[in-house]
Amino acid sequence: MMLSSINNSFEQDTHDVDANCDGPDLDFIYADVDTYQNEIAELYSYTEYIEFQMNVKAFEDQMELYNLPPNWQKQDAESQKSIVMKLINQLEVSNRDFRMQAARCILYLAQGCWAEVQSDEEQHQNTRDNVLALYQLGVFASFIDLLNMEIESACSLVAVKITNVTLVDSRDIRVILSVLYIITETIRDEREKSSEDYKEVSESFVQEINSPLADGELLAVKLLGMITRFCSGAAPQFPMKKVVLLLWKVSLLGLGGLDVLKNLKNEYRLKVGLELITEDTLEVTKSMRASSPPATATDILENQYPKQKFKRSLMKQRFLDEPEQIDMELSGNETGSANPNANNSNANNGSGNGEDELSQYYRPFDDPSSGTSSSTTATANPNNQPSHTQPPTAVPPIQMTARLPWTPKVRQKDIDQFLDISRNKFIGYSLIGDHESLAGLPQPIHEGFKTLQRHMYVSLADVQIKKEEDIARNPISTHEDEIKITPAETLYQAILPNLPQYMIALLKVLLAASPTSKSKTESINIMADVLPKKMPLTATQSTKLTIDMGRHKEIIVKAVSAIILLYLKHFKINHVYQFEFMSQHLVFANCIPLVLKFFNQTITEYVNTKNSIPLLDFPSCVIGEPPVLSGDSFGYGGELSDKPYSWRNVFSCINLLRILNKLIKWKHSRVMMLVVFKSAPILKKTLKVRHAMMQLYVLKLLKMQTKYLGRQWRKSNMKTMSAIYAKVRHRLNDDWAFGNDLESRPWDFQAEECTLRACVDRFNLRRYPEATQKCGSGGAGGTGGNNGTAAQNAENAQQSNMNAGNSHNGGDSNGYGNNGSGGGGVGGIGANNVNHQQQQQLHDYGVEGGFPSDEILTHSDFAFFGHSGWWDRKVELTDYFKANYAVWLEEEVYNNQTDWDAL
């Protein structure tokens, strides 16, 4: 099982012997997508090379039917338009071969008529011009109809068991998806460039993909349904790489990327009266310098015996007035730097200068490009720096130490806790709900309170949650704002009925593409659209196929991680409970251990691995002479790139780390899952990748669990603790580095998840009653009902996750359940079982139609049904209740003391 294997691997805190090797920082710049050329090239597998010639052959045959020369460039604009219209009409004929021949002709046009050009630039310009004409003539809508036909055809073949799926089985649907993807990606690229030719087209296209199709479904929902069918085994011939790539680009174009998210957040904050966000993670991390990798246990043991003072330098400083101890630590570090086997990071602390120590974390703000040099070299030998126009002075270190990279923050909850503790300590009383009274408190407390207030940060989520609490408390008198129909709102309403199945399907695909997952006979086959019908015979062909399969997996991981992160970020801005609903289903589907399993590898090798053969990338493989592969071609192809890393692999790693942070932030139960799965050694190994943004998200994850890892871990990982202090935002009054009095805190993790689930269900049922009832009915294989069993579902799933290390039952080997529809229960609890329990519970209470009787109606139930038209419903009281009404009134009303303030 996946979870048991993860737990066993976590037990072994493996360390790499090359931890103290220091290299230059990666010059990777995080963005929404890679370059347009790379994004188009990743659409095709290397095994699809032979199909490019089929597109040319189809175009030449079609032009022969029209009695025209087989050269697109020689046709005038009117002739080109006439040809495209004829091809669109041919797409509607009943003969499949005739129909797909027209589809291949259009694909050839969308590919830029590469047989008629001599350079990549010319091919790109042809693609740009042809896509503009194709979209304006309605090709995109016609290919959506073709996609619907292929999906229906796949569903009709469910009874026919397809085994040994190869490239041939998905030939037609790959043509359709390729045309849709090229049109989408080209319009997205031109929209990003603010091209005048594409201005009206891009606006129209975005509106089209954000609107339901003719069958009432969004294109994104249709593609998610294809992934679900593929994972359930109903359509094993679907080409998953092209589906997830198209879904990613459609979602990115429809919802918006990083710039849109930043503007939306500020727009929503202004609307509710909050301040604008001025700090951008991408901009701040550009001035950060990557940290040297932390010392491992192997390095410490090697240095411990020949150098006894190093052991003493790890002793904690019990008091601030211990100069002897400080001198001992400094002398120990200086002695350690003289040892050639010592970690290079120890040399940074030799001078004892705070400015020199912090300079390893930040680049000079006026010269971000200087980060390409090693941080150790820049610190230890400042005189060896290249000469600049200005003489080398101490100005940059003074700038860097003048302020922290992030403005410290504090929550209202932390201020209230500070006031409550101070009042009880000095005065002996507490004021519930009072956030400002300082009467009787000493002057230092006044100053501390002002400091906390000055740094208080109110998030958009806090305002939204408070609004929901007011509606739940006063459902009739509280006015709810009108729901603004944004692209994110439209998408959420569309995927809400089947969101659990979609999340499970995406995670299944991500698991199958993970480099750490082992191939099993019962797992899904994501290689269906890369494996040729005839297996390779020569060593060169085998090498090419091996590289192609690794590249195929990397592209899938890149697309799936980008999709999940994009949805989480947009839902969180649109409404926090939409984000929480999606994130809870990701957690219930074991997303946290899955991501940790992904990073449980030699991550530096994964980042540097280049599974690509540039000679076979489109359009290089079809322009000019056909490539001839040999043993030297693979080595030469790997050297063509000027980057010492793989862009898509670094992008995927950062996305997965950001997803993990979003799922775990401010959730104690999920932080404990990090501790249970022993994620600290895995995350420490990830710090070896010298990229500031990637290290920042790793340090955030380590900071969340530091207090639970014990004093010995903190003492042995002081370099990591220093990096957390220097790079991660400070939360005032946060006791992250000490973990005082942890054992006396009775965290009820199941109750925390259940409370959150109840709030989310109340929100969904009030806003989207029909979609929520569909989601809770289990008709599509959901993860459980929402009426009365939300807490039970959350409790079962959380218990399954927390006990994953000792569990050997329930679910398949990947921990996703055994439901054949791909949307089964989580942690071995299927939807059918939950629905049966729900119906049995309602039957026991004498309830029909899902409406709770007086015996089980709670305050949250009033909020559930208060906005759904249930108040006017006639409820028949039983004879037993009528006969014992006086007894019930005496016990439940007169003798029951109610705390109205709490209500």
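Residues numbered from 1 in each chain as written. Predicted model: local features only at pLDDT ≥ 70, side-chain atom pairs only at ≥ 80, totals over all residues. Heavy atoms only, no water.

1. Points about the overall build of the protein
Looking only at helices and strands, the protein features 42 helices and 0 strands. Out of the 903 residues belonging to the protein, those deemed buried represent 51%. Sequence-distant contacts, at least 24 apart, represent 79% of the contacts inside the protein between residues at least 6 apart. Summed over its atoms, the accessible surface of the protein is roughly 42400 Å², and 52% of this surface lies on carbon and sulfur atoms. (Helix = DSSP H or I, 4+ residues; strand = E, 2+ residues; numbered from the N terminus. Buried < 20%, exposed > 50% of the residue type's maximum accessible area, 1.4 Å probe, protein only. Contact = heavy atoms within 4.5 Å. Areas by Shrake-Rupley, 256 points an atom, 1.4 Å probe, with all protein chains shown as cover.)

2. Concerning a nonpolar patch on the surface
Judged by side-chain polarity, Tyr885, Trp888, Val893 and Tyr894 come together as a nonpolar surface patch covering roughly 410 Å² of accessible area. Relative to the helices and strands, Val893 resides in helix H42 (residues 885–894). Accessibility expressed as a relative area gives 39% for Val893, which makes it partly exposed. (Patch = residues over 30% accessible without salt bridge, like charges linked within 9 Å, V, L, I, M, F, W, Y side chains within 5 Å. Salt bridge = Lys/Arg side-chain N within 4 Å of Asp/Glu carboxyl O.)

3. Considerations on the packing of aromatic side chains
The final tally for this structure, using the stated rule, is 25 aromatic pairs. Where Phe28 meets Tyr645, the ring centres are 6.0 Å apart and the plane angle is 80°; that geometry is what we call edge-to-face. Remark: Tyr645 occurs in the loop between helix H29 (631–639) and helix H30 (647–664) and Phe28 occurs in the loop between helix H1 (2–11) and helix H2 (36–41); sequence separation between them is 617 residues. Relative to Trp114, the ring of Phe52 lies with its centre 6.3 Å away and its plane at 80°, an arrangement referred to as edge-to-face. (Phe/Tyr/Trp six-rings, centres within 6.5 Å; stacked < 30°, edge-to-face > 60°.)

4. A word on the packing of helix H20 (residues 412–426) against helix H21 (residues 443–454)
Where H20 meets H21, the closest approach of the two axes is 10 Å, and the angle between their N-to-C directions is 170°. Looking at the two axes, H20 sits roughly antiparallel to H21. The residues of H21 that touch H20, namely those facing Ile415, Phe418, Leu419, Ser422 and Phe426, are Ile445, Gly448, Phe449, Leu452 and Gln453. (Axes fitted to C-alpha atoms, helices over the stretch in contact; angles between N-to-C directions. Parallel < 35°, antiparallel > 145°, perpendicular 65-115°, else oblique.)

5. Points about the side chain of Thr186
Within the secondary structure, Thr186 sits in helix H8 (residues 171–192). For Thr186, a relative accessible area of 1% gives the class buried.

6. Remarks on empty space enclosed by the protein
In this approach, a probe sized like a water molecule rolls over the atoms, and the result shows the empty space that is left. On inspection of all chains with the given rule, the structure shows 8 cavities of 30 Å³ or more. Its boundaries defined by the atoms lining it, the largest cavity holds a volume of some 140 Å³. Lining of the largest cavity is provided by 14 residues; of these, Tyr30, Asp32, Ala562, Leu565 and Leu566 occupy positions nearest its centre. Among the elements of the structure, helix H11 (240–255), helix H12 (258–271), helix H25 (539–574) and H30 are those that each provide at least two residues to the lining of the largest cavity. Top contributing element to the lining of the largest cavity by residue count: H25, with 4 residues. Residues of the lining of the largest cavity, tallied by class, amount to 10 nonpolar, 1 polar and 3 charged. (1 Å grid on protein atoms, 1.4 Å probe; cavity = no way out; pocket = protein on both sides within 12 Å on 5 of 7 lines; lining within 4 Å. Points joined across faces, edges and corners; volume = space filled by probe spheres on them. Nonpolar A, V, L, I, M, F, W, Y, C, P; charged D, E, K, R; others polar.)

7. A few points about unusual backbone geometry
Of note, the bond from Phe618 into Pro619 is cis; its omega dihedral lies within 30 degrees of zero at 5°. Notably, Asn67 is not glycine yet its phi reads approximately 55°, a positive angle. Following the sequence through the fold, Asn67 ends up in the loop between helix H3 (49–65) and helix H4 (77–90). In this structure Asn67 comes out as exposed when scored by relative accessible area, which is 70%. Positive phi is not limited to glycine here, since Cys113 has a value of about 50°. Summarising the element assignment, Cys113 is placed in the loop between helix H5 (96–110) and helix H6 (120–136). Judged by its relative accessible area of 0%, Cys113 falls in the buried class.

8. A short note on the pattern of salt bridges
Overall, the coordinates contain 40 salt bridges when judged by the stated rule. A salt bridge links Asp548 to Arg551; the shortest N-O distance between them is 4.0 Å. Of this pair, Asp548 and Arg551 are both found in helix H25, 3 residues apart, which corresponds to roughly one turn of the helix. Here Arg551 falls in the buried class, since its relative accessible area comes to 2%. The shortest N-O distance in the salt bridge between Arg648 and Glu554 comes to 2.9 Å. With a gap of 94 residues between them, Arg648 in helix H30 and Glu554 in helix H25 connect regions that are remote in the sequence. With respect to class, Arg648 is no different from Glu554; both count as buried. Here the residues in one salt-bridge network are Glu39, Glu42, Glu185, Arg188, Glu192, Lys249, Glu554, Lys558 and Arg648, joined through shared partners.

9. Focus: H12
Over its 14 residues, H12 runs 20 Å from end to end, which matches the ideal 20 Å to within 8%, given 1.5 Å per residue. Considered for burial, the residues of H12 that qualify are Leu261, Asn266, Tyr268 and Arg269. Burial along H12 is one-sided: seen end-on, the buried residues are contained in an arc of 165°. Those residues of H12 that are exposed and aimed more than 90 degrees away from the buried face are Asp259, Asn263, Leu270 and Lys271. One or two steps after H12, the chain reaches Gly273, where phi turns positive at roughly 85°. (Expected span 1.5 Å × (residues − 1). Arc of directions from axis to C-beta.)

10. Points about the environment of Leu531
Here Leu531 lies in the loop between helix H24 (499–513) and H25. For the pair Leu531 and Val168, spaced 363 residues apart in sequence, the C-alpha separation works out to 9.1 Å. If we skip the residues at most four places from it in the chain, Leu531 touches Thr166, Leu167 and Met549.

11. Some remarks on the nonpolar core
General note: in soluble globular proteins, nonpolar side chains tend to be found buried as a group. Membership of the largest hydrophobic core comes to 194 residues, with the highest contact counts inside it found for Phe143, Ile227, Tyr567 and Phe599. The element contributing the most residues to this core is H25, with 13 residues. Setting aside its immediate chain neighbours within four residues, Ile227 contacts Met240, Val243, Val244, Leu247, Ala505, Leu506 and Val509. Within the second largest apolar cluster, 9 residues are counted, among which are Ile415, Leu419, Phe449 and Leu452. (Core = buried A, V, L, I, M, F, W, Y, C linked by side-chain atoms within 4.5 Å.)

12. Overview of the environment of Leu91
Mapped onto the elements of the fold, Leu91 is located in the loop between H4 and H5. For Leu91, a relative accessible area of 4% puts it in the buried group. Along the sequence, Leu91 and Ser142 sit 51 residues apart, while their C-alpha atoms lie 7.5 Å from each other. Excluding its chain neighbours within four sequence positions, the residues that come into contact with Leu91 are Arg99, Ala102, Ala103, Ile106, Ser142, Phe143 and Leu146.

13. Describing the side chain of Lys249
Tracing the backbone shows Lys249 in helix H11. A distance of 3.0 Å separates polar atoms of two side chains, one belonging to Lys249 and the other to Glu39. Residue contacts for Lys249: discarding those within four places in its chain leaves Val33, Glu39, Tyr181, Thr184, Glu185 and Arg188. (Polar contact = N/O pair within 3.5 Å; in protein donor to acceptor, adjacent residues only side chain to side chain.)

14. Comments concerning the confidence of the model for the protein
Any region with low pLDDT has predicted coordinates that should not be read closely. Scored by pLDDT, the protein comes out at a mean of 77, with 70% of its residues at no less than 70. Counted against residues more than four places away or in other chains, residues 1–21, with its pLDDT under 50, gives 51 contacts. Confidence over residues 307–360 falls short of pLDDT 50; this stretch has 63 contacts with residues more than four positions distant or in other chains. (pLDDT = per-residue confidence, 0-100.)

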